[in-house]
Amino acid sequence: MNLAIAAAKSSQHKTRVGAVVAKSGRVLAIKPNRFKNNPLNAPPLRCSVHAEVAALRSCGTNARGATVYVARVGGYDLQQLAKPCTHCSAYIVKAGVKRAVWTTAEGMEQSRAGELV
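Quantities reported herein were computed from a predicted structural model and do not represent experimental measurements.

### A closer look at a nonpolar patch on the surface
Inference 1: Nonpolar side chains collect at one region of the surface, where Leu3, Val27 and Ile30 lie side by side and expose about 240 Å² of accessible area between them.
Inference 2: Here Val27 lies in strand E2 (residues 26-32).
Inference 3: The exposure class assigned to Val27 is partly exposed, which follows from its relative accessible area of 43%.

Structure (structure tokens):
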């Protein structure tokens, strides 16, 4: 989870989220959420790639059976709720991820990936 928090801290988004995909003790991907295009040229409704989707895309089919860790940090780098959204939850299930773990203001929560949707 510490790697996901570090990825979130590296995000240049207002809502800073990071994701890590791990399997069999190996880290497969570490990604923060990011803008689809240059933020200086983005329209007022800035389009972004969610950290979970970015991390899973970089894993390809290796994500099957993995665990995805999702972290969100706010002001003063405090942890916030990072439960995957409906779109990301569906992407996690489709990728064959076994388990999802996310930060909350109180610590962490987890779920079997199939229970997200």
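### Some points on the environment of Val27
Inference 1: For the pair Val27 and Ala66, spaced 39 residues apart in sequence, the C-alpha separation works out to 9.6 Å.
Inference 2: Apart from the residues within four sequence positions on either side, Val27 is in contact with Leu3, Val20, Val21 and Ala22.

### Details of the packing of helix H2 (residues 51-59) against helix H3 (residues 86-94)
Inference 1: The contact between H2 and H3 brings their axes to 9 Å, and the two run at 20°. By the angle between their axes, H2 is roughly parallel relative to H3. Every pair of crossing elements has a handedness; the one defined by H2 and H3 is left-handed. Facing H2, whose interface residues are Glu52, Val53, Leu56 and Arg57, H3 presents His87, Cys88, Tyr91 and Ile92.
Inference 2: Per-class residue counts for the contact of H2 with H3 are 5 nonpolar, 1 polar and 2 charged.

About the criteria used
- Residues numbered from 1 in each chain as written.
- Predicted model: local features only at pLDDT ≥ 70, side-chain atom pairs only at ≥ 80, totals over all residues.
- Heavy atoms only, no water.
- Patch = residues over 30% accessible without salt bridge, like charges linked within 9 Å, V, L, I, M, F, W, Y side chains within 5 Å.
- Areas by Shrake-Rupley, 256 points an atom, 1.4 Å probe, with all protein chains shown as cover.
- Salt bridge = Lys/Arg side-chain N within 4 Å of Asp/Glu carboxyl O.
- Helix = DSSP H or I, 4+ residues; strand = E, 2+ residues; numbered from the N terminus.
- Buried < 20%, exposed > 50% of the residue type's maximum accessible area, 1.4 Å probe, protein only.
- Contact = heavy atoms within 4.5 Å.
- Axes fitted to C-alpha atoms, helices over the stretch in contact; angles between N-to-C directions.
- Parallel < 35°, antiparallel > 145°, perpendicular 65-115°, else oblique.
- Left-handed = near helix turned anticlockwise from the far one by under 90°.
- Nonpolar A, V, L, I, M, F, W, Y, C, P; charged D, E, K, R; others polar.

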